[in-house]
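Breakdown of the fold
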Amino acid sequence: SRKDKLHVLPHGFSTKKPKKRSQRPKTTPKSVPVKLVSAGRFVKKKGFATLIEAARISQAAGISCQIDIYGAGPLKPSLQNQIASNGLTSVTLKGWSDDLKSIFANADLFCSPSLDEPFGLVIGEAMAMGLPVIASDTDGASELFGINTGFADSSLQHGGLIFPAGDTVALAAAIGRFCSDEKLRQRVGQNARKRIETSFSYTHLAERLDQLISSVASSPRAKRSYI
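Bear in mind that the values here come from a model prediction, so they are computed numbers and not experimental data. (Residues numbered from 1 in each chain as written. Predicted model: local features only at pLDDT ≥ 70, side-chain atom pairs only at ≥ 80, totals over all residues. Heavy atoms only, no water.)

**Structural notes on the state of the cysteines**
Definition in use: Note on terminology: disulfide denotes any pair of cysteine sulfur atoms within 2.5 Å. Exposed residues in this analysis have more than 50% of their type's maximum accessible area, buried residues have under 20%, and partly exposed residues fall in between, with area computed by a 1.4 Å probe over protein chains only.
According to the stated counting rule, one finds zero disulfides in the structure shown. This cysteine, Cys65, is not joined by any disulfide, and Cys179 carries the nearest cysteine sulfur, 3.7 Å off. According to the relative accessible area criterion, Cys65 is buried, its value standing at 8%.

**Things to note about the nonpolar core**
To keep things clear, this is the line we draw: Side-chain atoms within 4.5 Å link the members of a nonpolar core, which is a set of buried Ala, Val, Leu, Ile, Met, Phe, Trp, Tyr and Cys residues. Numbering goes from the N terminus for both helices and strands, where a helix is a DSSP run of H or I of at least four residues and a strand is a run of E of at least two. We call two residues in contact whenever any of their non-hydrogen atoms come within 4.5 Å of each other.
Counting 30 residues, the largest nonpolar core has Ile69, Ile134 and Ile175 as its most contacted members. Counting residues per element, this core draws most heavily on helix α6 (residues 168-179), which supplies six residues. In contact with Ile69, other than residues within four places in its own chain, are Ser38, Phe42, Phe48, Leu51, Ile52, Val91, Thr92, Leu93 and Lys94.

**Brief notes about the packing of α6 against helix α7 (residues 182-199)**
For the record, the criterion: The axes are straight lines fitted to the C-alpha atoms, using for helices just the contacting stretch, and the angles between their N-to-C directions are given from 0 to 180°. By definition in this entry, angles of less than 35 degrees are roughly parallel, angles greater than 145 are roughly antiparallel, angles of 65 to 115 are roughly perpendicular, and the rest are oblique. Only Asp, Glu, Lys and Arg are considered charged in this grouping, and only Ala, Val, Leu, Ile, Met, Phe, Trp, Tyr, Cys and Pro are considered nonpolar; every other residue, Gly among them, is considered polar.
At their nearest, the axes of α6 and α7 sit 6 Å apart, and the two run at 100 degrees to each other. As summarised for this structure, α6 and α7 are arranged roughly perpendicular, according to the angle between their axes. Seen from α6, the contacting residues are Arg177, Phe178 and Cys179; seen from α7, they are Leu184, Arg185 and Val188. Among the residues making up the contact of α6 with α7, the classes are represented as four nonpolar, no polar and two charged.

**Points about the sheet that holds strand β5 (residues 133-136)**
Definition in use: A pair of strands is labelled paired if DSSP reports no fewer than 2 bridges between them.
Spatially, six strands are ordered β3-β2-β1-β4-β5-β6 in an open sheet, and the strand pairing comes out parallel. If you trace the sheet from one side to the other, it starts and ends with β3 (91-94) and β6 (160-163), each paired once. Going from strand to strand, the sheet's axes swing by 20 degrees on average, the running direction of each strand aside. In this structure, strand β2 (residues 65-70) lies alongside β3, joined through four bridges in parallel fashion. Pairing of Tyr70 across the sheet is with Lys94, part of β3.

**Focus on helix α2 (residues 76-85)**
So the rule is basically this: By arc we mean the arc of the directions from the helix axis to the C-beta atoms, nothing more.
Of all the positions in α2, only Leu79, Gln82 and Ile83 are classed as buried. The buried side chains of α2 occupy one side of the element, clustering within an arc of 95 degrees when seen end-on. Seen from the buried face of α2, the exposed residues on the opposite side, beyond 90 degrees, are Pro77, Asn81, Ala84 and Ser85. Buried residues belonging to α2 abut α1 (48-60) and β3. Backbone geometry just after α2 places Gly87 at a positive phi near 60 degrees.

See the structure below:
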């Protein structure tokens, strides 16, 4: 309606109910490691070397966490060598999967260690499946969590923890915090899904677009249905 006014609608996410999780004990025994997943291209900007180093720190500290990284790309040999040279038994490189929803449905935690991420589709997909998220302070994570700066616990209410990109010690601390507190994982996972439902669902974004169109249209608003 005004040339000096810009409206931005972000990418949306499906909020279909997550698939039923595989049978895991209600109270996870210490002998069963927390399952953390990550996914993306095996390239430098995705920060998987940071995650692997954080895994080394975590393993040395006795944190029980199995980390599965899904993806493909030119850095696979380098990442595999980093895992082997550090004797890491807690980290596995998986191939790319076209069904990340099923993987997320059977995981406990998601990590995005990117050095640069303009939005972060995979972060939103993990949040929509009810996973708590650990993410570096990229533009994408900050937008999804609804925060501008800082690494305070305020991000927990929107689904995860933010850490400074490339900071392996901070990432290891965040992993340790979630792995040691099952109730925290459950609460933050619920917050993550709620954040997507209320701010990034297809229905929510369609309603925002409908309101914008109606605000400049001369005809009355028509009844619409959303998928």
